[in-house]
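# Structural features, examined
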Amino acid sequence: MTTHAMKLVTIVCEAYAKAVVTKLLRDIGAHGYTLFAVEGDGSRGRREADIPEFTNIQVEVIVPPEVATALLTRLEKEFFPCYGMIAFESDVRVLRPNKF
Amino acid sequence: MTTHAMKLVTIVCEAYAKAVVTKLLRDIGAHGYTLFAVEGDGSRGRREADIPEFTNIQVEVIVPPEVATALLTRLEKEFFPCYGMIAFESDVRVLRPNKF
Amino acid sequence: MTTHAMKLVTIVCEAYAKAVVTKLLRDIGAHGYTLFAVEGDGSRGRREADIPEFTNIQVEVIVPPEVATALLTRLEKEFFPCYGMIAFESDVRVLRPNKF
Amino acid sequence: MEILDAIQANLLSPAVLFFALGLIAALTKSDLKFPEPLYLGLTIYLLIAIGFKGGVAIAEVGLGKVWLPALAAMVLGALIPLWTYPVLRFGGKLSAVDAAAIAAHYGSVSAVTFIAATNYLKAINQPFESYATAFLAVMESPAILVGVVLGKLATKKSGEASGASLKQAMHEALFGRSIFLLVGALVVGALCGEAGMKKVEPFFVTPFQGVLALFLLEMGIVAGRRLGDLRKVGPFLLAFGIILPLVNGALGVWFGKLTGLELGGATLLGVLSASASYIAAPAAIRMSLPDANPTLYLTSSLAITFPFNITLGIPLYLEIARKLYS
Amino acid sequence: MEILDAIQANLLSPAVLFFALGLIAALTKSDLKFPEPLYLGLTIYLLIAIGFKGGVAIAEVGLGKVWLPALAAMVLGALIPLWTYPVLRFGGKLSAVDAAAIAAHYGSVSAVTFIAATNYLKAINQPFESYATAFLAVMESPAILVGVVLGKLATKKSGEASGASLKQAMHEALFGRSIFLLVGALVVGALCGEAGMKKVEPFFVTPFQGVLALFLLEMGIVAGRRLGDLRKVGPFLLAFGIILPLVNGALGVWFGKLTGLELGGATLLGVLSASASYIAAPAAIRMSLPDANPTLYLTSSLAITFPFNITLGIPLYLEIARKLYS
Amino acid sequence: MEILDAIQANLLSPAVLFFALGLIAALTKSDLKFPEPLYLGLTIYLLIAIGFKGGVAIAEVGLGKVWLPALAAMVLGALIPLWTYPVLRFGGKLSAVDAAAIAAHYGSVSAVTFIAATNYLKAINQPFESYATAFLAVMESPAILVGVVLGKLATKKSGEASGASLKQAMHEALFGRSIFLLVGALVVGALCGEAGMKKVEPFFVTPFQGVLALFLLEMGIVAGRRLGDLRKVGPFLLAFGIILPLVNGALGVWFGKLTGLELGGATLLGVLSASASYIAAPAAIRMSLPDANPTLYLTSSLAITFPFNITLGIPLYLEIARKLYS
Ligand SMILES: Nc1ncnc2c1ncn2[C@@H]1O[C@H](COP(=O)(O)O)[C@@H](O)[C@H]1O
Ligand SMILES: Nc1ncnc2c1ncn2[C@@H]1O[C@H](COP(=O)(O)O)[C@@H](O)[C@H]1O
Ligand SMILES: Nc1ncnc2c1ncn2[C@@H]1O[C@H](COP(=O)(O)O)[C@@H](O)[C@H]1O
Ligand code: NA
Ligand code: NA
Ligand code: NA
C-alpha cells in the first residue's frame, strides 16, 4: 500500500450557492465531491437547518494540490464577495492518485 | 492567493452537550462554527440517530492555534469527565485569517 | 494539556457497504467511529440522499498510525474492487491517546 | 364593523394562531424548530394537494374558462416589478440591484399565502373558483425573470461573480421544486378528474386545514427569526411591505373582475398579487443577482408582507372585492 | 377478574402491541429505526394534538374548574422528589447526585404515557375531563427544578464542570420544545374553541390513535435498546421503577378526588404522578447535573417504568380510581 | 376492448399519474426529491398499513385458509430463480454471478407493486382476499437465499472480497427492515382483530390511497434516474424485464387457482410472482455477491419491470386470471 499526497478542500456555504459551487468543482476538474447539510453560526448569523433554502451545506472535495490552489483562488475572487461561506484546505493521503 | 495556517478543532459529543459546547466556543472567542447530527459508536456504546436528545453531534470550528489550545484544555478539564465526547485538532489553511 | 498524533481515516462509500465497513473497523481494532449520510458525485455517478439504500455514508475513525495503515491496506485489497468508495487518511492530534 | 369581525375571525383561526405561536417560539428563543425533512414533506403535501384540487376543478369547468384570467395573472405578475422597481429605486433610494431583486419578489407569489386565503374563504363559506390554483402556478415565474433582467441591466458585470445567466435563472424559475409540483399536480388532477379525487380525498383534502395549521407554526418560526432584521431594513421598507401589497391586492381584484372571475376568484387573484415570494424568488435571485442584499428582500417578504397578509391582508382583499362587486 | 380483563384489553390494543413489536425489533437487532425527523414530526403532532384538544376543553368548562386540580398537579410534581430522594439515597444507597437526578425524573411526567392513558380510557368508553392536558403541561417542570436544587445542594461544586446553573435548567424546563408545544397548543385551542376544532379535527383528532400506535413502535425500539442496561442498574432500581409508580399513582388519584375531579380525570392525574420523564428531565439534568449517571435515570424511567405503565400501570391506576370512587 | 379500458383506467389513476410525474421530474432534471426521512416514513407507513390489514384478515378467516397458498407462494419464490438463472446465463450470456443476482431479484417481490395492485383491485371493485399480504411477507426471502447460493456456487471465491456469508445474507433477508415491519404488523393485526382495526382505521386505511399516490411520485423519481442506464443494460435485459414478468405472472395466477384462491387473490399472487425486488434483494445481494454488477439488477428491476408492472402489468395479470377463472 502506498499513499499519495492530495488536498482536501472543505467549503461551508449557504445552500443557495450549491448549484454554482458544484458547477465550479466540475469546471475546475474535480472528479467527484461529497456534500451534506449542516447548521452553522458565523458573521452572517445563525443558520438553522430547517428550510433547505436557508440552510448551510458542507462540500468536501479531494483534488491535487494545483487544483486546490486554483479552486481557492476562484472562490476568493468570485464567491467570497457574494456568498456567506468559508473554505479551507488540508493535507490528506489517498490510495489511488489518478482517481482524483 | 495566500493561505494562512489555522487549527480545525472537531468535537463529536452527545447532543445533550450542544448548548454548553457552543457556549464554550463563543466564550473562548471562536467567530463561528459548523454542526451536524451523526451516528456513533464508542466506549459508551452505540448512539443511533433517531431521537434528537439521544444522538451525537459533530462540531467543527476553525480557530487560531492559541485558541485551539485553550479550547482543548478546557474541554479536557471541564467536559471530558462529564460528557461522552472526543475532540481532536488538525492543521488547515484558510484564506482570510482575520475572519477566524 | 498534551496532544498526541493519531490518524483520522475518512471513508465515503455507498450505504450498502455500511455493515461490512463497520465490521472491518471493529475487526481491525478501532475503539469507535462516527458516521453520517452524505450526497456525492464520483466516477459511479451522482448519489442522491433520498433512499437510505441508495445513498452514500461518510465514516470517520481515529486510530493509531499502524492501524490506519492496516485499515487502508485491507480497504484497498478487499473493498475498492467491489464498492463505490474513497478513503483517505490525515494527521490529527488527540488528547487521550489510549482512548483510540 | 363587518371588516373588523372578519379580521377577528381570521386572527382566531387555528392556522393564524399557530403562526403566532411560531413567532413567539422564535422571539423567546425556544429550541423548537421543524427538522428540514418535515418542512419539506409538508411543503410537498400542501403543493400537491392544492395543485391536484385545482386540476380537478379545471377538468370540470374546462380550459375555456381558465385561460383568460390565467393570462391576466401572468401579465400582472410580469408588470408588477415594473412599477415596484422605480418606487424602490427612487422612493426608497435603494441600489439598482436591490430594487430589482425586491421587485422580483413582489411580482412573484407566495403559495402559502394563497393556500391560507383559500382556507379563509372556505371557513367563512365564501365560494371561489377552485381552478384559481392555475393562477398561482403561472404567476410565480414571470416576475422573477423580469426582475433578473432589470437587475442584470442595472449591474452589467461579467464573469462568475455576476451570478448565473438569465437562462439559468429561467430554468430555476420554471423547473424549481415548487412550480414543478404545483403544475405537475395540476395536470395530474386535470387528467384524473372527480374519479381520481374520490380516491385521494381522505388524504389530500379532509386533513388539509390541520396540516396547514401545523405548517404555519413552522412558518411563524422562520418569519420570527427574521424579525430582528427589521431594524436593518429601515422604515421605508417596512411601510413598503404593507402598502404595496394593498395596492397590488386591489389591482389584482380589479384584474380578476375584468377577466370575468367571481368575487371569490377575484379575491384570490388579489391575494396573489399582494403576496411576495420568499422561497422561489430568493433561490433564483441569489443565483442570478448575487450582489443583491438578501437581508432586504427576505426580511421584507418574509417578516413584513407575509405576516401582514396572513393576518390582516386576506380579509382586507376580500373586503375590497366585496366593495368592487357590490 | 375484571382487572385482568382490563389489562388484557390494553395489552391487545394496537398501541401496546406496536410497542412490543418495537421492543422485539431492538432485541433482535433488526436495523429498523425511525429517522430522527420522523420521530420529531410525530412528537410535534402528538403534543399539538393533545394540547389543542385540552385547550378547547378548557374553553368549554372555563378556567374556574381547571385551576384547583392543576395547582394540585403542580404541587404533587414538586413534592414527589422530596420523598423519592431519601428512598433512593438511603434505601438504594445511591450517590446524592444520582438520587436527585432520578427523583427529578419521577416527579416530572411522560407525555406519551399520558396520551396512551387517554387513548385507553377512550377505548373502554370511560369518560374523562379533556382539560386534564393542563395537568400534563404544568407538571413537567416543577420536579425538575426541585431535583436540580437537591442535586446542586448535594454536590456544591463550582466551575463549568458543575454544569449549567439553576437558571439555565429553569429555562430548559420552561421553554424546552415539549412544554412549549404543549402549552402553546393549549392556549391556541382555548382561543379557537369548538369553531377551530371543527377545522382541524380530521387531522388532529380522527387519525390520532393510529399515529400513536405508529409512534409507540419507535418508543419500543428506543426503550428496547436500554433493556441491556437493566443488569447495570441492579435489582433495587428495578423494584423501585415499578413500586414507586404504584405508590405515586395511587397518590395522584387521591389528589384528583380531593380536588374535585371525576373518576377519569383522577385516573389521569394518577397516571401523570406515576409516570417518569425520559425526554425533558434527562435534557435538563444532563445539563445541570452532569455528574449524575445517565444510565441510571434513563434505564429506570425508559426501560422499566415506561413499559410498565404502558402495559400494566394504566389499567391498574384506573382500578385504583374505581375503588376510591365506589 | 375490455382490457384496453382496464389499462386506461389504471393509467389515469392518481397513483400511476404521480409515478409518471416522478419520471418526468427525473428526466427534466428538476431538483425535486423526497428527503430520506420522508421516504422512510412513507415506507414504514405503507408496510405497516398493509401488514396490519392483512393480519386482521387472517384473524377473520383463520390460518387454515392461509397456509396452503402461502406455502405455494414460498415455493414459487424459491423456484423462480431456478429457471430465471439459465435464461440469463445462456440466453443473455451474462456472467454467472450477474445471472444469479438478477434471478434473486425476480424471485423476490416488490411490496409497492403489490400495494398498487390491491389498490387497483379496490378501485375497480374486484374483491380479493385481504390476507394475501401474508404471501407478500413469505415471498420476499426465499428467492434471495436461492440466488445467493447460486452466485456463491458460481464464484467460489474466498476472503472478505467474496462478500458476506450465506448466513449473513439470510439474516439480512429475514430481519431486514421491510420484512420485519410487514411480518410484525401482520402479527399485530392478527392479535388485534377487528376491534383494533376500528381504532387505527382513520390513519392506516382511510388515507392510504392518497399516501400511496404521494409515495409513487418519489418512486417515479428514483426509477427515472435509472432510465439513463437502459442503454447500458442492452436489449436482452430490456425484453427480459417485460417478458419474464408476464410468464411468472401467469404462473403465479395458476398456482393461486391450484391452491384454492379466488380470482382476486390469484391475481395478487400473479403480481407477486411477476414483480421484482429493488430494495431488499439489492441490499442482500450487494453484501453477499459484491462482484455482481448493480447496474444490471437495479436497472432491470427498477427501471424496466417496476414501471411495466405498475402501468400495464397489473391489469394484464387480472385479465389472465379472468381468462383462467371463466
Ligand atoms: N470559525 C468557523 N469555524 C467553523 N465554521 C465556521 C466558522 N465561521 C463560519 N463558519 C461556517 O461558515 C458559515 C458561513 O459563515 P459566515 O459567512 O461567517 O456567516 C457559517 O454559517 C458556519 O457554518
Ligand atoms: N475512534 C473513534 N473514531 C471516530 N469517532 C469516535 C471514536 N471514538 C469515539 N468516537 C465518537 O465519539 C462518540 C463518543 O465516544 P465515547 O464517549 O467513546 O462513546 C462516539 O459515539 C463516536 O461518535
Ligand atoms: N474527488 C472527490 N472528492 C470528494 N469526494 C469524492 C471524490 N470522488 C468521489 N467522492 C465520493 O465518493 C463516492 C464514491 O465515489 P465513486 O466510486 O467515484 O463514485 C462519491 O459518491 C463521492 O461521495
Ligand atoms: Na405578488
Ligand atoms: Na411523575
Ligand atoms: Na417475483
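The rules behind these values
Residues numbered from 1 in each chain as written. Chains lettered and ligands numbered in written order. Predicted model: local features only at pLDDT ≥ 70, side-chain atom pairs only at ≥ 80, totals over all residues. Heavy atoms only, no water. Helix = DSSP H or I, 4+ residues; strand = E, 2+ residues; numbered from the N terminus. Buried < 20%, exposed > 50% of the residue type's maximum accessible area, 1.4 Å probe, protein only. Contact = heavy atoms within 4.5 Å. Areas by Shrake-Rupley, 256 points an atom, 1.4 Å probe, with all protein chains shown as cover. Lys, Arg positive; Asp, Glu negative; His and termini not counted. Charge placed at Lys NZ, Arg CZ, Asp CG, Glu CD. Pairing = 2+ DSSP bridges. Least-squares fit on C-alpha atoms with pLDDT ≥ 70 in both. Near = heavy atom within 4 Å. Polar contact = N/O pair within 3.5 Å; in protein donor to acceptor, adjacent residues only side chain to side chain. Nonpolar A, V, L, I, M, F, W, Y, C, P; charged D, E, K, R; others polar. Donors = N, O, S within 2.8 Å, 3.2 Å for Na, K, Ca; no water. Buried area = accessible area lost by both parts, 1.4 Å probe. Salt bridge = Lys/Arg side-chain N within 4 Å of Asp/Glu carboxyl O. pLDDT = per-residue confidence, 0-100. Patch = residues over 30% accessible without salt bridge, like charges linked within 9 Å, V, L, I, M, F, W, Y side chains within 5 Å. Phe/Tyr/Trp six-rings, centres within 6.5 Å; stacked < 30°, edge-to-face > 60°. Lys NZ or Arg CZ within 6 Å of the ring centre and 35° of its normal.

The next point concerns the overall build of chain A. For chain A, the helix and strand inventory stands at two helices and four strands. Secondary structure of chain A in N-to-C order comes out as β-α-β-β-α-β. Taken along the three principal axes of its C-alpha coordinates, chain A extends 45 × 25 × 20 Å. For chain A, the residues scored as buried account for 66% of the 100 residues in total. Sequence-distant contacts in chain A: of pairs separated by 6 or more residues, those separated by 24 or more amount to 76%. Summed over its atoms, the accessible surface of chain A is roughly 3400 Å², and 52% of this surface lies on carbon and sulfur atoms. The centroid of the 12 positive side-chain charges in chain A is displaced by 7 Å from the centroid of its 13 negative side-chain charges.

Quick look at the pairing of strand β4 (residues 85-94) of chain A now. Of all 10 residues in β4(A), eight are buried, a share of seventy percent or more. Pairing geometry for strand β1 (residues 4-14) of chain A and β4(A), over 10 bridges, is antiparallel. What sits directly across from Cys13(A), in β4(A), is Met85(A). In this structure, β4(A) lies alongside strand β4 (residues 85-94) of chain B, joined through two bridges in antiparallel fashion. Within β4(B), the position partnered with Glu89(A) by the bridge is Arg93(B).

Here the focus is the relation of the copies chain B and chain C. Superposing chain B onto chain C takes a rotation of 120° plus a shift of 0.0 Å along the axis, which leaves an RMSD of 0.0 Å. The two molecules are tied by a three-fold rotation axis, judged by turn and shift. Mapped onto chain C, only 5% of the interface residues of chain B again fall at the interface, so the copies present different surfaces.

Right, let's get into the site of ligand 2. Of all residues adjacent to ligand 2, which total 18 residues, the nearest are Ser43(B), Asn56(B), Thr34(C), Ile62(C) and Lys99(C). Residues within reach of ligand 2 are spread across chains B and C. In the environment of ligand 2, an oxygen atom lies 2.6 Å from a nitrogen or oxygen atom belonging to the side chain of Asn56(B). Gly32(C) is positioned such that a nitrogen or oxygen atom in its backbone is 3.5 Å from a nitrogen atom of ligand 2.

Let us look at the site of ligand 1. Around ligand 1, a shell composed of 18 residues is seen, among which Ser43(A), Arg44(A), Asn56(A), Thr34(B) and Lys99(B) lie nearest. The residues that come close to ligand 1 belong to more than one chain, namely chains A and B. Within the backbone of Tyr33(B), one N or O atom sits 3.4 Å away from an oxygen atom of ligand 1. A distance of 2.5 Å separates an oxygen atom of ligand 1 from a polar side-chain atom of Lys99(B). For ligand 1, the accessible surface in isolation is 480 Å², of which the surrounding protein chains cover 98%. Among the elements of the structure, β2 (33-41) and β4 of chain A together with β2 (33-41) and β3 (56-63) of chain B are those that each provide at least two residues to the shell around ligand 1. Per-element tally for the shell around ligand 1: the top contributor is β3(B), with three residues. Each residue belonging to the shell around ligand 1 can be placed in one class, and the counts come to seven nonpolar, seven polar and four charged.

So, about the relation of the copies chain E and chain D. Each copy of the sequence occupies a distinct position, and chain E is placed on chain D by a rotation of 120° and an axial shift of 0.0 Å, giving an RMSD of 0.0 Å. Both copies present different contact surfaces, since only 4% of the interface residues of chain E are interface residues in chain D too.

Right, let's talk about the coordination of the sodium ion (ligand 4) for a bit. Residues and elements named next belong to chain D. Taken together, Tyr106 (O), Ser108 (O), Leu272 (O), Ser273 (O) and Ser275 (O) make up the full set of protein donors to the sodium ion (ligand 4), lying 2.4 to 2.8 Å away. In terms of primary sequence, the donors binding the sodium ion (ligand 4) are separated according to Y-x1-S-x163-L-S-x1-S. Here the two residues Tyr106 and Ser108 agree in accessibility, since each one is buried.

Where interface size is given, it is often the accessible area lost as the parts come together that is meant. At the interface, 23 residues of chain E touch 27 residues of chain D. Taken together, both faces of the contact between chain E and chain D bury some 2100 Å²; the carbon and sulfur share is 82%. Interface area lost by chain E to chain D is led by Phe180(E), Lys199(E) and Phe203(E), which between them contribute 28%. At the boundary of chain E with chain D, the tally comes to one residue pair in polar contact (both at pLDDT 80 or more). Those elements that provide at least two residues to the side of chain E that touches chain D are α3 (36-61), α9 (166-175) and α10 (177-204) of chain E. No other element matches α10(E), which puts 14 residues into the side of chain E that touches chain D. Taken together, the residues of the side of chain E that touches chain D break down into 16 nonpolar, five polar and two charged.

Under the criterion given, the structure shown has 42 salt bridges over all chains. Residue Asp91(C) is joined to Lys7(C) by a salt bridge in which the shortest nitrogen-to-oxygen separation is 2.6 Å. Highlighted residues: Asp91(C) in strand β4 (residues 85-94) and Lys7(C) in strand β1 (residues 4-14), separated in sequence by 84 residues. According to the relative accessible area criterion, Asp91(C) is exposed, its value standing at 53%. Residues joined by salt bridges that share partners form a network here, namely Lys18(A), Glu39(C), Arg46(C), Glu48(C) and Lys33(F).

What follows is about the confidence of the model for chain D. Residue and element names in this part refer to chain D. Averaged over every residue, the pLDDT of chain D is 93; residues scoring 70 or more account for 97%. When pLDDT is averaged over each helix and strand of chain D, the minimum, 75, is found for helix α9 (residues 166-175) and the maximum, 98, for helix α13 (residues 263-274). Interface confidence in the predicted complex, given as ipTM, is 0.95; pTM for the same model is 0.95.

Let's shift gears to a nonpolar patch on the surface. Residues and elements named next belong to chain D. Together, Trp67, Leu68, Leu71, Met74, Val75, Leu79 and Leu82 line one region of the surface with nonpolar side chains, adding up to about 610 Å² of accessible area. Looking at the secondary structure, you find Leu71 in helix α4 (residues 63-91). Judged by relative accessible area, which is 44%, Leu71 ranks as partly exposed.

A few words on helix α1 (residues 18-28) of chain A. Residue and element names in this part refer to chain A. Within α1, the full set of buried residues consists of Val20, Val21, Thr22, Leu24, Leu25 and Ile28. Looking at the buried side of α1, the elements it contacts are β1, β2, β3 (56-63), α2 (65-79) and β4. Looking one or two residues beyond α1, the residue adopting positive phi is Gly29, at roughly 105°.

All names here are of chain F. Note on the sodium ion (ligand 6): its protein donors are Tyr106 (O), Ser108 (O), Leu272 (O), Ser273 (O) and Ser275 (O). The metal-donor distances range over 2.3 to 2.8 Å. For the sodium ion (ligand 6), all donor residues lie on one chain, and their spacing in sequence is Y-x1-S-x163-L-S-x1-S. Here the residue Tyr106 occupies a position in helix α5 (residues 96-107), and Ser273 occupies one in helix α13 (residues 263-274), the gap between them amounting to 167 residues. Each of the two residues, Tyr106 as well as Ser273, counts as buried.

Right, let's get into the environment of Leu82(F). Residues and elements named next belong to chain F. Mapped onto the elements, Leu82 comes out in helix α4 (residues 63-91). Note on Leu82: relative accessible area 46%, which makes it partly exposed. Distance in space between the C-alpha atoms of Leu82 and Leu150 is 8.8 Å, their sequence separation being 68 residues.

Moving on to the packing of aromatic side chains. Inspection of every chain in the model, using the stated rule, returns 51 aromatic pairs over all chains. Between Phe19(E) and Phe306(E), the aromatic rings sit 5.4 Å apart at their centres with planes inclined by 85°, giving edge-to-face as the arrangement. Of the two residues, Phe19(E) sits in helix α2 (residues 14-27) while Phe306(E) sits in helix α15 (residues 294-325), which places them 287 residues apart along the sequence. Pair check on accessibility: Phe19(E) and Phe306(E) agree, each one buried. Members of the aromatic cluster, each reached through a chain of ring pairs, are Phe18(D), Tyr45(E), Phe52(E), Phe203(E), Phe204(E) and Phe208(E). One residue, Arg96(C), lies across the ring of Phe80(B), its end atom 3.7 Å from the ring centre. Here the basic side chain of Lys257(E) rests over the ring of Tyr325(E), its NZ or CZ set 5.4 Å away from the ring centre.

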